[in-house]
Amino acid sequence: MLSEKTTGQVAPLRGPSGSPASMIAHTMRCSITDGIEQVVAEGRWRNDVQTRTTCQAGGRCVGRLGAVGRAMTLLFLIAAPAVGGIEVYSNDFEALSDPLIEWTTSVTDVTPGTVSHPADRFLGQLGGDGTSVLTLSALPPHYEITVSFDLYIIRSWDGNGVISVYGPDRWGYYFAGGIAAFETTFCNGADSNPQAYPDAYPGGSNPYETGAAEIDTLGYSLQDYGDTVYRFSRTFSHSDPSVSLRFYSLGLQTLADESWGLDNVVVQVEGDCNDNGVPDDEEIANLGAGFEDPAAWATFAPFSFDLGMCHGAGAVIADRHLYFMCDGNPPEVVRYEIDGDPADPSSWMKHDSAVPTPAHGFAFDGRYIYFTPSGGGNGTVTRHDTQGTFTDASSWTTYVPGANGVGANLREFDGAVYDDVHRFVYFIPRSYGNVLRYDTSGVFTAASSWDTYDPGPSGGHSTGAVFAAPYIYFAPERDGTVLRYDTNAPFTAAASWLTFDAVANSVGNNPSGYQGGAFDGRHVYFVPYRHDQYGAPHGEVLRYDTSNDFSTASSWSAFDPGAVYYDAAAYDPDGFQEAVFDGRFVYFVPYRNQPNVRHSEVLRYDTASGFGAASSWSLFDPRDHGIGNNPHGYIGGAFDGQYVYFSPHASNELLRFDTMLDWSPDCDDNGIPDECELDADGDGVIDDCDNCPDVPNADQADSDGDGIGDACANRPPVCDANGPYTGECAGGTTSVPLNGMGSTDPDGDVLSYWWSTDCPAWSFDDRMSPSPTLTADIGAECSMACGVTLIVDDGNGGTATCTAPVLIADTQPPVVTCSATELNGHRMLIEYDAWDDCGEVTGSAATETACCPLPTTDGQIIKVKCREHDECQLQLDFEDEIFEIKTDMATLVVTAADECGNEATCEVELCTSEDDDDSDGDSDGDDGDSDSEDGDDDSEDDDD
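Residues numbered from 1 in each chain as written. Predicted model: local features only at pLDDT ≥ 70, side-chain atom pairs only at ≥ 80, totals over all residues. Heavy atoms only, no water.

A. Just the overall build of the chain, in detail. When helices and strands are tallied, the chain shows five helices and 61 strands. Taken across its 944 residues, the chain has 53% of its residues classed as buried. Excluding contacts between residues fewer than 6 apart, the proportion of contacts in the chain whose partners are at least 24 apart in sequence is 59%. Taken as a whole, the chain presents about 39,400 Å² of accessible surface, with 47% of it coming from carbon and sulfur. (Helix = DSSP H or I, 4+ residues; strand = E, 2+ residues; numbered from the N terminus. Buried < 20%, exposed > 50% of the residue type's maximum accessible area, 1.4 Å probe, protein only. Contact = heavy atoms within 4.5 Å. Areas by Shrake-Rupley, 256 points an atom, 1.4 Å probe, with all protein chains shown as cover.)

The structure is reproduced here in structure tokens:
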């Protein structure tokens, strides 16, 4: 296990349109070799950060490197490569809770297991003429499908059945209505029957178990039969939005004898979501396709903005600016704002006299830029504080280590590197052997912050270096001897320094004479310049594989793309100075390919392809395509996340290449171009990569670096007080349950609650609960309308307020009961009881006469009035003459009404029928003759 940290100059990233994007995902290559499988790590980083990457399992990771500001950790997901295309379905059938509704059978089983294939759940067992169909719908736009699966052949399959009386034992699949179909036979070997597989039945006759990936590993057995595992992957043309995949068997015996199953089913589609005729994965892999497109190239002449002539070396990006030097007397530092318009003079600034002597190369530690003193000076190191004002003298500091007792011969250096692990800047000696080191945690102008070491002859002729933690690799200017320093070891200990002579170890043809280099996360590339100090320019790139031993020749390789380049007669890709890595490609900066001829042939290597393959190399000459005036002779460059800049030296034209032209961005690296994925807020950043997917924020600003965009960082909660609420008057006080549980927070923050109300005489059982109970008193009123207010707080400064109405009313009728008691023949006592919990009750009595009127003393309807729970009595006197009418029945209806208009009734029977039968219906109770007709006086009879 190897954990490797790599660092570099990391640029602020940009989106496809060129606008800044503070979090754009890019493929970060972490090459991990495990057998024949290469693992790729995916990563993303934000702008203005120093990259620090970590990969495990023996790999090294790197991203698009440029120059930046603060430190951060870059996270990676390392996974095995997919079969290809967009995965639309996969199942290993291990989840017991999976209902497998997409299959026509949901039966699963677990293999007995062996050491080489532990117990494993799969779809099956199936047998006889068994079938299972997988149906998938809502597929993304595609033109091709790949189905991969493991087929388990269990127990006594008899193949073609030519030896035994059993068989043929057939199995097959029928995909997409027959677009892809295959039928074959299998034999598990005991009776030595031939099988058709890997041919189709009936055409094949092959030895049993031919083509099996595993034999007798599942743990099944039946006499001399065991089991086999076959691995299938079938690709077929298809474009419909749904597909059916049918797997079947024919002619098998019982499950206990012959069966089969499926495992590790994966379905992928090859998509073309934008319907442009280019497969999605091919389109995404075409990063940098515009390299040979003139539209991707441009030159700018800032020196026409009264910036003078430029004869500098190197460039660096820091704090959203590109810095480079222009030699002069005194030298000038030129700064370009990379978010500005390069054609606008206001995007450019220069500062004279900031650097007193010529500089060749830079280092950036996240805040300060260090200008490397080159020949013709006294070794003065200049430092610029990028947080200060560019033209303010207080932002610039110089120090001469040699004049302050630090080392000797500290006069000419070529390039510098920053070790962000130990916080040291190393200045690379060109003509003298002393490596100069500055401790950035110390005082810049204090001699105690500086030290030097002379590693020997190899260290005295280096031009540039590459930091690939934990080592610094020094590019050899005059020969092929590469010097390496272990930054984890003591600086002044000889054992901390090693050399490797590529020429002496017969690497390549004549790998000697280099200027700078680049690191792609695994390999260090040394940039070919010229043999010896004054030799002829050459183009043999030297490469070291940092995953292997530094001192072993097999760890090294060399390749001269000019020797095999497709148009070598017209181009001469030799003589480069420095290189720039953009996350996939290494760009070799053109300088001079003949002793006094500076050229403009930009050489590019695709690190995703073979180092020694001519197809991995590309060449573009901007002059031949009418780019600019006369762009030629560059030294060094930088990368800002979208553009590669070539620093002018012989020319006054800054050369720039747009790495994103003709490239379909895929910020989540899922093989689907961003233009085909959901962007709900329409800000040009798809939801999977948007740090604020519901609020438009094309700049993806995230000032606190928490992964949540400033546009929606700590989004306010959503308040829901529910309601309206109603309560029934219960007398005295009434309780109303409230519910604010519908309140939510879009960031998932835990909410706190605070309830208040304008209801009279109110109280809460817990006003900080999401669902408290409100108690209120409406007094003598029939109803009361008020309201509640809820405030929710997400604990991070976000609050929301909402209200809901409350109505408490008396809608229930009173309760009334009544009864009658006959006191004597002339008197009946009517008793009734009426009450209401919420107010005064008024009662009344009315009649429903069956056969006689209600006897009253005054001829008026009886009115009664009772207070709550008062018992009321009504005594009725019956006059003799009325009683003698002999009515059958009379009913008294008692009605009770409360003050709010709610009513209730009860009934009392007042009369009972006489013993006499009144069958004739004349109300006289005898033979039907009225008293007036027969002349009898009832009163006289009664006297008898």
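B. Structural context of the pattern of salt bridges. Enumeration over the complete set of coordinates arrives at 14 salt bridges. Across the salt bridge formed by Arg-430 and Asp-414, the nearest N and O atoms sit 3.6 Å from each other. Of this pair, Arg-430 sits in the loop between strand E28 (424-429) and strand E29 (435-439) while Asp-414 is found in strand E27 (residues 413-419), placing the two residues 16 residues apart along the sequence. With its nearest N and O atoms 3.1 Å apart, the salt bridge here joins Asp-451 to Arg-437. With a gap of 14 residues between them, Asp-451 in strand E30 (residues 450-453) and Arg-437 in strand E29 connect regions that are remote in the sequence. The exposure class assigned to Asp-451 is partly exposed, which follows from its relative accessible area of 25%. (Salt bridge = Lys/Arg side-chain N within 4 Å of Asp/Glu carboxyl O.)

C. Representation of the nonpolar core within the structure. Formed by 37 residues in total, the largest nonpolar core has its most connected members in Phe-149 and Trp-171. Ignoring any residue separated from it by four or fewer positions in sequence, one finds Phe-149 in contact with Trp-171, Tyr-173, Phe-175, Tyr-230, Arg-231, Phe-232, Phe-247, Leu-262, Asp-263, Asn-264 and Val-265. Counting residues in hydrophobic clusters, the runner-up holds 25 residues, among them Ala-721, Leu-738, Phe-764 and Val-792. (Core = buried A, V, L, I, M, F, W, Y, C linked by side-chain atoms within 4.5 Å.)

D. Representation of the pairing of strand E35 (residues 514-519). When you tally the buried positions in E35, you get six out of six residues, the bulk of the element. Across four bridges, E35 lies against strand E36 (residues 523-528) in antiparallel orientation. When the bridges of E36 are listed, Gly-517 appears paired with Phe-526. In sequence, E35 turns back onto E36 through a hairpin of three residues, with Gly-521 there showing a positive phi of about 105°. (Pairing = 2+ DSSP bridges.)

E. Expanded view of the side chain of Asn-188. Within the secondary structure, Asn-188 sits in the loop between strand E13 (180-185) and strand E14 (214-215). Separated by 2.9 Å, the side chains of Asn-188 and Thr-228 make a polar contact. Sequence-distant contacts of Asn-188, defined by excluding residues within four places in its chain, comprise Ile-153, Ile-154, Arg-155, Trp-157, Tyr-208, Glu-209, Tyr-225, Gly-226, Asp-227 and Thr-228. (Polar contact = N/O pair within 3.5 Å; in protein donor to acceptor, adjacent residues only side chain to side chain.)

F. Highlighting the environment of Thr-389. Structurally, Thr-389 can be placed in the loop between strand E25 (381-385) and strand E26 (396-399). Here Thr-389 falls in the partly exposed class, since its relative accessible area comes to 48%. Contact partners of Thr-389, with chain neighbours within four places excluded, come to His-384 and Ser-395.

G. Summary view of the packing of aromatic side chains. Going through the model one piece at a time under the given rule, you end up with 77 aromatic pairs. Where Phe-182 meets Tyr-197, the ring centres are 6.5 Å apart and the plane angle is 80°; that geometry is what we call edge-to-face. Of this pair, Phe-182 sits in strand E13 while Tyr-197 is found in the loop between E13 and E14, placing the two residues 15 residues apart along the sequence. Tyr-197 shares its class with Phe-182; the two are buried. Their ring planes at 25° and their centres at 6.1 Å tell us that Phe-427 and Trp-450 sit as a pair that is stacked. Pair noted here: Phe-427 is in strand E28 and Trp-450 is in strand E30, with a separation of 23 residues, a long-range link. (Phe/Tyr/Trp six-rings, centres within 6.5 Å; stacked < 30°, edge-to-face > 60°.)

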